[in-house]
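Chains, contacts and geometry: an overview
The lines below spell out each chain.
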Amino acid sequence: MADALIEERAALMGIDMSQIDLDSVQLPPGEDFGIISDDDDLYREDTLELDTGLGNIIIVDNLPVVPREKFDKLEGVVRKIYSQIGVIKDDGLWMPVDPDTQKTLGYCFIEYNTAQEAELAKEKTNGYKLDRSHIFAVSMFEDFDRFMRVPDEWAPPETKPYTPGENLQQWLTDEKARDQFVIRAGSDTEVLWNDARQLKPEPVHRRAFWTESFVQWSPLGTYLATVHRQGSAVWGGASTFNRLMRYAHPQVKLIDFSPGEKYLVTYSSHEPSNPRDPQRVVINIFDVRTGKIMRDFKGSADDFAVGGTGAVTGVSWPVFRWGGGRDDKYFARIGKSVVSVYETETFSLIDKKSLKVENVMDFNWSPTDPILALYVPELGGGNQPARVSLVQIPSKEELRQKNLFSVSDCKMYWQSNGDYLAVKVDRYTKTKKSTYTGFELFRIKERDIPIEVLELENKNDKIIAFAWEPKGHRFAVIHGDGPRPDVSFYSMRSGNNTGRVSKLTTLKGKQANFLFWSPAGRYIILAGLKNFNGQLEFYNVDELETMATAEHFMATDIEWDPTGRYVATAVTSVHEMENGFNIWSFNGKLLYRILKDHFFQFLWRPRPPSLLSPEKEEEIAKNLKKYSKKYEAEDQDVSMLLSEQDREKRKMLKDEWEKWVSRWKQMQEEEKLERQNLRDGEASDEEEEYEAKEVEVEELLDVSEEVLSFDYEE
């Protein structure tokens, strides 16, 4: 049908379609060549909404109804409120009046110069409390038609019969206790089992053009999220990976799940029509299960930049950080001298106001508790020291504060259980010509939250990397200024467990600039990426010994599986050669290697927390030999199977070789007569039957002339 219309239009315009090379036609960015995307069916209704050119007008409802004599006063109040947000056009505020009563109708229209100002006005004043009886309800004028389509009479929603869905945790019941991972290479996205016993991955699901940019697992591994032009989608199930829900957000660029998977945050930025206007940012928070937008945030890029200042490059992701453990009760963002903390029951600010912290630069949530760690730099040219504060939410009570002097930079690192907080502080020397680094270590779970100061033996060493042991009490630091830095390990417990930090060991001269702890603790990979070209050292921190050293040349990414049994190293498409991934055992044995052209992503599927109690886990650890007998027998069976497969493979190769030799012998026999003719009748092919003769050859090496004189006696 479409082809016929194109040909008909071309004929009317006098264009010969046979002379046009359609492959050379370049359509504008965003054009889809008429190919409907996987999600176009859902968003088609949204895309039919036309731009009416009225995007700069808002409707403010729930205004007081006043007579003519109070009209000017009410208009002045409304104009004062909305003029602070943007420039209202001349005659841009219209407050309708009932012709019969000569009273206002309780709403007004406000026209701004730009649509961005109108959107910001809606964002800032929707829910604004003018007085006890009047709380503003602000809408965009362009939404008016949609509101008018709402039927006057309520009709109960259609009740659909219950159909049980797939078990979204089915993958956790794998009999072989394997883990899954997802990869993206070229246009394909694949989910695979890591079958380390068979030394290869086993396919689960594969799809071409599954996403338009990247994929992302949810924090507990329940969902796989994909990103499209019209929004995001989540997928799950035993093996088919059906689409479970879609979230409309045009031009979405980034997504983020809440820790408990209840909410999905989506982000997009949009170029303004006027180059002088700031770039616009839209952030939506969806309920993952229902797909409903719980709250949206709109504004300029400056509004969402770190500290509320800077251009687009200043926007850090995630803009909203989730706290309070996996209950998903709180989320927060940083602004100009404020930290805005929201609760998810109403998706509004706690106590209806932000936490005021003058010049706040950074904050981090405890991974397990509703506690905020805030960092404030020095003020007043050093007269007011920098400080780190711990604030309890929702009470906003300050639990602990530490003043810091001569600070040039500060970074905060929480331990995964929320037991400890390490604050890395870079301080100026007295001359202010250089800096040195120390650590302030907070013991969060102890009474009054004691703080311990740690400085390296050479405090002028540059800190290259820092990492806590997951669920443990140890941490590792890479430090030094040379091409081969040192790696030191510390414990928050001393030998007699008196609660003092103690150094365990220092490894000298390592080719390492990244630290990767196993999720189960105990083991760590000292990795040399980028300039070190993929050097790997598998280290046992319990025994303080190296288990293995290896190399994955040009490796760009390293990721442990959620159990800490295996680790993946990958070379992504930032390098043009050797793209693919390697799977290693925890102690550094290379199990298998997969090469993939145009390799983009490798992500292990996360696991939810264990349902076992700490006592049960401890009991299993004590009786591990009893539990491991079953798996040792299975490993033996697999080993025998692999050996048998190897024998079969070797036998097959031997048979192929013998067939090849037999075929060439037959050809040799068939060509014997021809070879004899080429040898002038010599019959034999065997070298030993030829007679070797010695031939003497005379060779003139040199010729020289010499004149001799003879004396004759007279």
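Residues numbered from 1 in each chain as written. Predicted model: local features only at pLDDT ≥ 70, side-chain atom pairs only at ≥ 80, totals over all residues. Heavy atoms only, no water.

Short version of the rule: UniProt positions are given in the numbering used here, feature names are shortened, and annotations may be inferred rather than shown by experiment.
The name an unreviewed UniProt entry assigns to the protein chain is Eukaryotic translation initiation factor 3 subunit B, from the organism Eucalyptus globulus. Here the protein chain is described in UniProt, under the heading Sequence similarities (unreviewed entry), as follows: "Belongs to the eIF-3 subunit B family." Under the Subcellular location (unreviewed entry) heading, UniProt states for the protein chain: "Cytoplasm".

Some thoughts on the overall build of the protein chain
Formally: By the criteria applied, helices consist of DSSP H or I runs no shorter than four residues and strands consist of E runs no shorter than two, each listed in order from the N terminus. Relative accessible area decides the class of each residue, using a 1.4 Å probe on protein chains only: under 20% of the type maximum gives buried, over 50% gives exposed, and in between gives partly exposed. Contacts are assigned to residue pairs that have any heavy atoms within 4.5 Å of one another. Per-residue accessibility takes into account occlusion by the displayed protein chains alone, with areas from the Shrake-Rupley method and a 1.4 Å probe.
The helix and strand tally for the protein chain stands at eight helices and 43 strands. A total of 714 residues make up the protein chain; the buried ones form 41% of that total. By sequence separation, contacts in the protein chain at least 24 residues apart represent 46% of the contacts at least 6 residues apart. Summing over all exposed atoms, the protein chain offers an accessible surface of approximately 43700 Å²; the carbon and sulfur share of this is 50%.

Focus: the sheet that holds strand E9 (residues 200-208)
Which entries qualify depends on this criterion: Two strands qualify as a pair provided that DSSP identifies no fewer than 2 bridges between them. Here an axis means a line fitted to C-alpha atoms, over the contact stretch when the element is a helix, while the angle between two N-to-C directions is reported on a 0 to 180 degree scale.
Spatially, E9-E8-E7-E43 is the arrangement adopted by the four strands of the open sheet, whose pairing is antiparallel. Each of the sheet's edge strands pairs with one partner strand only, and the pair in question is E9 and strand E43 (599-604). When strand polarity is set aside, the average angle formed by the axes of neighbouring strands in this sheet is 20°. Pairing geometry for strand E7 (residues 180-185) and strand E8 (residues 188-195), over six bridges, is antiparallel. Its bridge partner being in E8, Ile 183 is matched across the sheet by Glu 190.

Let's talk about a nonpolar patch on the surface
Basically, it comes down to this: A patch is a set of surface residues, each over 30% in relative accessible area and not in a salt bridge, joined within 9 Å for like charges and within 5 Å for the nonpolar side chains Val, Leu, Ile, Met, Phe, Trp and Tyr. Salt bridges are counted wherever a side-chain nitrogen of Lys or Arg sits within 4 Å of a carboxyl oxygen of Asp or Glu.
A cluster of nonpolar residues, Trp 657, Trp 660 and Trp 664, forms a patch on the protein surface that exposes about 390 Å² of accessible area. In this fold, Trp 657 is placed in helix H7 (residues 624-670). Taking the relative accessible area as the measure of exposure, Trp 657 reaches 54% and is therefore exposed.

Regarding the pattern of salt bridges
Counting across every chain of the model gives 34 salt bridges. Across the pair Glu 446 and Arg 443 runs a salt bridge whose closest N-O atoms are separated by 3.6 Å. Classification of Glu 446 by relative accessible area gives partly exposed; the value is 37%. Close ionic contact of Lys 616 with Glu 619 constitutes a salt bridge, the shortest N to O distance being 3.3 Å. Here Lys 616 pairs with Glu 619, and both are found in helix H6 (residues 614-622), just three residues apart, close to one helical turn. Here Lys 616 falls in the partly exposed class, since its relative accessible area comes to 36%. One network of salt bridges, in which partners are shared, links Asp 174, Lys 176, Arg 178, Asp 195 and Glu 202.

Re the sheet that holds strand E6 (residues 137-140)
The antiparallel open sheet is built from four strands, whose spatial order is E2-E3-E1-E6. Across the chains shown, the open sheet's two edge strands, defined by having one partner strand only, are strand E2 (88-94) and E6. Taken pair by pair, the neighbouring strands of this sheet meet at an average axis angle of 20°, ignoring direction. Each of strand E1 (57-61), E2, strand E3 (107-112) and E6 touches helix H3 (residues 71-83); the most contacted strand, E2, lies at about 135° to it.

A look at the side chain of Asn 284
Using the following cut-off: Polar contacts here mean pairs of N or O atoms no more than 3.5 Å apart (in protein, one a potential hydrogen donor and the other a potential acceptor; neighbouring residues in sequence count only if both atoms are side-chain atoms).
Take Asn 284: it is sitting in strand E16 (residues 280-287). Here the side chain of Asn 284 touches His 249 through a polar contact of 3.3 Å, side chain to side chain.

Overview of a negative patch on the surface
For clarity, the cut-off: Neither His nor the chain ends is counted toward charge; the positive residues are Lys and Arg and the negative residues Asp and Glu. The atoms used to mark charge sites are NZ of Lys, CZ of Arg, CG of Asp and CD of Glu.
Judged by side-chain charge, Glu 669, Glu 670, Glu 671 and Glu 674 come together as a negatively charged surface patch. Of note, Glu 670 is situated in helix H7.

Details of H3
An α-helical turn contains 3.6 residues, so a residue and the one three or four places further along point in the same direction. Convention followed: To estimate the expected span of a helix, count its residues, drop one, and scale the result by 1.5 Å. Each C-beta atom gives one direction from the helix axis, and the arc is the one those directions make.
The end-to-end C-alpha distance of H3, which contains 13 residues, comes to 18 Å, matching closely the 18 Å that a straight helix rising 1.5 Å per residue would cover. Within the span of H3, buried status applies to Phe 71, Leu 74, Glu 75, Val 78, Ile 81 and Tyr 82. For H3, the angular spread of buried residues about the axis comes to 130°, placing them on one side. Counted as exposed and oriented over 90 degrees from the buried face of H3: Asp 72, Lys 73 and Lys 80. On its buried face, H3 sits against E1, E2, E3, helix H4 (115-125), strand E4 (129-131) and E6.

Looking at the environment of Asp 303
By the element assignment, Asp 303 lies in the loop between strand E17 (293-300) and strand E18 (321-323). A C-alpha to C-alpha distance of 7.3 Å links Asp 303 and Gly 335, two positions 32 residues apart in sequence. Asp 303 has contacts with Leu 120 and Arg 333, leaving out every residue within four places of it along the chain.

Section: the pairing of strand E41 (residues 580-585)
In terms of burial, E41 is largely enclosed, as six of its six residues are buried. The two faces of E41 match: Gly 580, Asn 582 and Trp 584 on one face and Phe 581, Ile 583 and Ser 585 on the other face are all buried. Looking at chain direction, strand E40 (residues 566-571) and E41 are connected through six bridges and run antiparallel. In the strand pairing of E41, Ala 570 is matched with Phe 581. By the bridge criterion, five bridges tie E41 to strand E42 (residues 590-595) in an arrangement that is antiparallel. Bridge pairing in E42 places Phe 581 opposite Ile 594. Counting the residues between successive antiparallel strands, the hairpin from E41 to E42 contains four residues, one of them, Gly 588, with a positive phi of roughly 95°.

What about the environment of Val 574?
Tracing the sequence through the fold places Val 574 in the loop between E40 and E41. With relative accessibility at 63%, the residue Val 574 sits in the exposed group. Placed 20 residues apart in sequence, Val 574 and Met 554 show a C-alpha to C-alpha distance of 9.7 Å.

A look at unusual backbone geometry
Negative phi is the rule for most residues except glycine; trans is the rule for most peptide bonds. With an omega dihedral of 0°, the bond running from Trp 317 to Pro 318 counts as a cis peptide bond. Relative to the helices and strands, Pro 318 resides in the loop between E17 and E18. For the bond from Ile 393 to Pro 394, the omega torsion is 15°, close enough to zero to count as cis. At Phe 241, a position not held by glycine, the phi torsion is positive, near 50°.

Quick word on the packing of aromatic side chains
What counts is decided by this rule: Stacked, edge-to-face and tilted labels apply to pairs of Phe, Tyr and Trp rings (six-membered ring for Trp) whose centres lie within 6.5 Å, assigned for plane angles under 30 degrees, over 60, and everything in between, in that order.
Throughout the structure, instances matching the rule amount to 41 aromatic pairs. With 5.1 Å between their ring centres and 10° between their planes, Phe 331 and Tyr 342 make a pair best called stacked. With Phe 331 in strand E19 (residues 330-335) and Tyr 342 in strand E20 (residues 338-343), this residue pair connects regions lying 11 residues apart in the sequence. Here the aromatic rings of Tyr 420 and Trp 468 are separated by 5.4 Å at their centres, their planes lie at 15°, and the arrangement is stacked.

Structural notes on the nonpolar core
What counts, and what does not: Here, nonpolar core refers to any group of buried Ala, Val, Leu, Ile, Met, Phe, Trp, Tyr and Cys residues whose side-chain atoms link them within 4.5 Å.
Within the largest apolar cluster, 20 residues are counted, with the highest numbers of intra-cluster contacts made by Ile 58, Val 60, Val 78, Tyr 82, Ile 110 and Tyr 112. Residue assignment for this core shows that the elements contributing at least two residues are E1, H3, E2, E3, H4 and E6. Examining the composition of this core, we find that five residues originate from one element, H3, more than from any other.

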